[in-house]
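# Summary of the model geometry
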Amino acid sequence: MATFIVLLGPPGVGKGTQAKILAETTKLAHVSSGDLFRENLKNQTELGRLAKSFMDKGELVPDDVTISMIRDRITRSDCGAGAILDGFPRTPIQADALEKMLAEFNGEVKAVPFITAPESTLVERASGRWTCREQGHIYHQIFSPPKKIGICDMDGSDLYQRDDDKVEMVTKRIRVYLEQTMPLVEYYRKAGKLLEIDGTQAVEQVTKELLSALYK
Ligand code: AP5
Ligand code: MG
């Protein structure tokens, strides 16, 4: 059975950072809904243009388009054994849709690590973030700087600051998260899948806690 791990947590808490490490460790694919929207934006697709109009306001992209984008992505062959889902699902409707999709593909949500940190930490992390243009590798100007300013260590492409990482936008995204995504905490707690992880610790420590919670 294909194994899916859902990373849940507020904007800037470190989902993308941990998802990349977990994907390497577990050899599962990394599927980030935010990265997929940004890729569409870069390629100037219709989906990219539609997503931009919501992302620029810090709002969620409508469920129907998000669900069909994820369905397309997880039916690709690299997700045959499962995937680390980063940023999806983000609403109860998306969570129900994921259950239905996985039932069709003989997959299951194995666990849902829920990473948390106070709002001041989220703002500090997101506002200092630098993202790699080519593959979305993640840096922070203080906590994990690249070796050369403005250049990705992994693939040499340039680093940029996301438009939605300005302080007012991060605050708005946190509000949207509290209203629309927080219900998923109870949803997955009731299903017995929630693993609470303290995201205030250093990256390596968060990874260690995640791995021991997932494979205890
Ligand atoms: P998305 O790209 O998913 O953004 P997000 O959920 O707001 O989360 P972030 O990517 O901002 O943070 P993260 O938790 O991944 O943190 P990271 O590891 O980068 O979504 C963007 C937009 O797309 C949404 O607003 C919405 O419009 C749309 N969208 C996406 N999915 C959707 C969906 N399912 N439905 C509808 N719309 C959707 O880390 C942050 C920074 O902190 C980095 O600089 C990193 O280096 C640093 N850092 C990480 N961990 C640590 C640590 N432990 N200690 C110190 N620094 C750390
Ligand atoms: Mg992210």
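Scope of this entry: the structure provided in the associated data block. Residue positions within a chain follow its written sequence, with the count starting from 1. Chain labels run from A onward and ligand labels from 1 onward, assigned in the order the entries are written. Selection of residues for local features in this predicted model requires a pLDDT of at least 70, selection of side-chain atom pairs for listing and counting requires 80 or more, and totals for whole chains, interfaces and linings are taken over all residues. Neither water nor hydrogens contribute to the side-chain values; these are computed over all heavy atoms in the structure.

### Side note on the sheet that holds strand 8 (residues 194-198)
- The five strands lie next to each other as 2-3-1-4-8, forming an open sheet whose pairing is parallel. A single partner strand is all that each edge strand has here, and the edge strands are strand 2 (29-32) and strand 8. Sheet twist, expressed as the average angle between the axes of neighbouring strands with direction ignored, equals 25°.
- Only strands that DSSP links by at least two bridges are regarded as paired with each other. Comment: elements are numbered from the N terminus, with helices defined as DSSP H or I runs of at least four residues and strands as E runs of at least two. Relative to strand 3 (residues 82-86), strand 1 (residues 2-7) is paired through five bridges, and the arrangement is parallel. What sits directly across from V6, in strand 3, is L85.
- Here a residue-residue contact requires only that any non-hydrogen atoms of the pair lie within 4.5 Å. For helices, the axis comes from a line fit to the C-alpha atoms of the stretch in contact; other axes are also lines fit to C-alpha atoms, and the angle between any two N-to-C directions lies between 0 and 180 degrees. Strand contacts of helix 4 (residues 63-74): strand 1, strand 2 and strand 3, with the helix running at about 170° to strand 2, the strand carrying the most contacts.

### Here's the deal with the pattern of salt bridges
- Just to be clear on terms, a salt bridge is a Lys or Arg side-chain nitrogen sitting within 4 Å of an Asp or Glu carboxyl oxygen. Enumeration over the complete set of coordinates arrives at 13 salt bridges.
- For R73, the salt bridge is made with D78, and the minimal N-O distance between the two is 2.7 Å.
- To sort residues, take the accessible area from a 1.4 Å probe on protein chains only and compare it with the maximum for the residue type: under 20% means buried, over 50% means exposed, and anything in between is partly exposed. Residue class for R73 comes out buried when judged on its relative accessible area of 10%.
- Members of the salt-bridge network, linked through shared partners, are R129, R162, D164, D165 and R173.

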